[in-house]
Each structure stands twice: as C-alpha cells, then as structure tokens.
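# Structural characterization, general
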Amino acid sequence: MNREVTLPLIVDDRGTLQVAAADVSKLLRTVGGRWLHLVEAGEDGLDEDTVAALTIELAKLADRIDVACIAHSSGSAP
C-alpha cells in the first residue's frame with residue numbers, strides 16, 4: 001500500500017504559519033522512535049517489520065512537512 005498524504009499548510013491572511021511545523025515533524029519522528037524503542041525492548045504484540053515500516057513512513061511525512069515549510073518560508077512552491 002503506497003498512498004500519498006496531503007497536508008495543507010495552515011496560514012492566516014498574511015501568510016503566517018499557524019502550526020509549528022517543527023513541533024509536528026518532531027512529534028512524528030518521536031512517535032516512530034518510541035515504537036522502535038519498544039520493539040527493541042521486547043514489547044509484546046509489536047511486529048518489528050510493521051513498526052519499522054510505519055516509522056519510515058512517519059519520517060517521510062515529517063520530511064515532507066519540513067520541505068513544504070521551507071518552501072513556504074522562502075516564498076517558493078514545494
């Protein structure tokens with residue numbers, strides 16, 4: 001399954017971002033890292049391959065958010 005997720009940037013009428021993108025991307029990476037830590041600790045009920053795949057996808061999403069925000073801040077389209 002390879003689905004594209006589109007996340008619109010939330011800006012006000014002056015173009016100011018209304019969501020701290022750095023916080024969102026950090027949260028996504030932290031969740032993935034925590035899942036990996038639980039797998040490494042031997043937490044029951046977590047499939048290592050599934051957790052790894054989800055962690056990679058969360059990191060990709062965080063990267064896309066970062067790129068979109070950099071493009072927004074520089075005044076160019078992503």
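Residues numbered from 1 in each chain as written. Predicted model: local features only at pLDDT ≥ 70, side-chain atom pairs only at ≥ 80, totals over all residues. Heavy atoms only, no water.

### Some remarks on helix 1 (residues 21-40)
Going by this rule: Helix numbers and strand numbers start at the N terminus; a helix is a DSSP run of H or I with at least 4 residues, a strand a run of E with at least 2. Working rule for helices: expected span equals 1.5 Å times residues minus one. Partly exposed describes any residue whose relative accessible area lies between the buried limit of under 20% and the exposed limit of over 50%, with all areas from a 1.4 Å probe on protein chains only and scaled to the type maximum. Within this analysis, the arc is defined by the directions that extend from the helix axis to the C-beta atoms. Every residue pair with non-hydrogen atoms within 4.5 Å of one another is taken to be in contact.
With 20 residues, helix 1 should reach 28 Å at 1.5 Å per residue; the first-to-last C-alpha distance of 29 Å fits that figure. Burial in helix 1 covers these residues: Ala 21, Ser 25, Leu 28, Gly 32 and Val 39. Down the axis of helix 1, the buried set is contained in an arc of 60°. They therefore lie on one face. Exposed and facing more than 90 degrees away from the buried side of helix 1 are Ala 22, Asp 23, Lys 26, Leu 27 and Glu 40. Turning to helix 1, the residues buried within the fold contact helix 2 (48-74). Gly 42 lies just past helix 1 and shows a positive phi near 85°.

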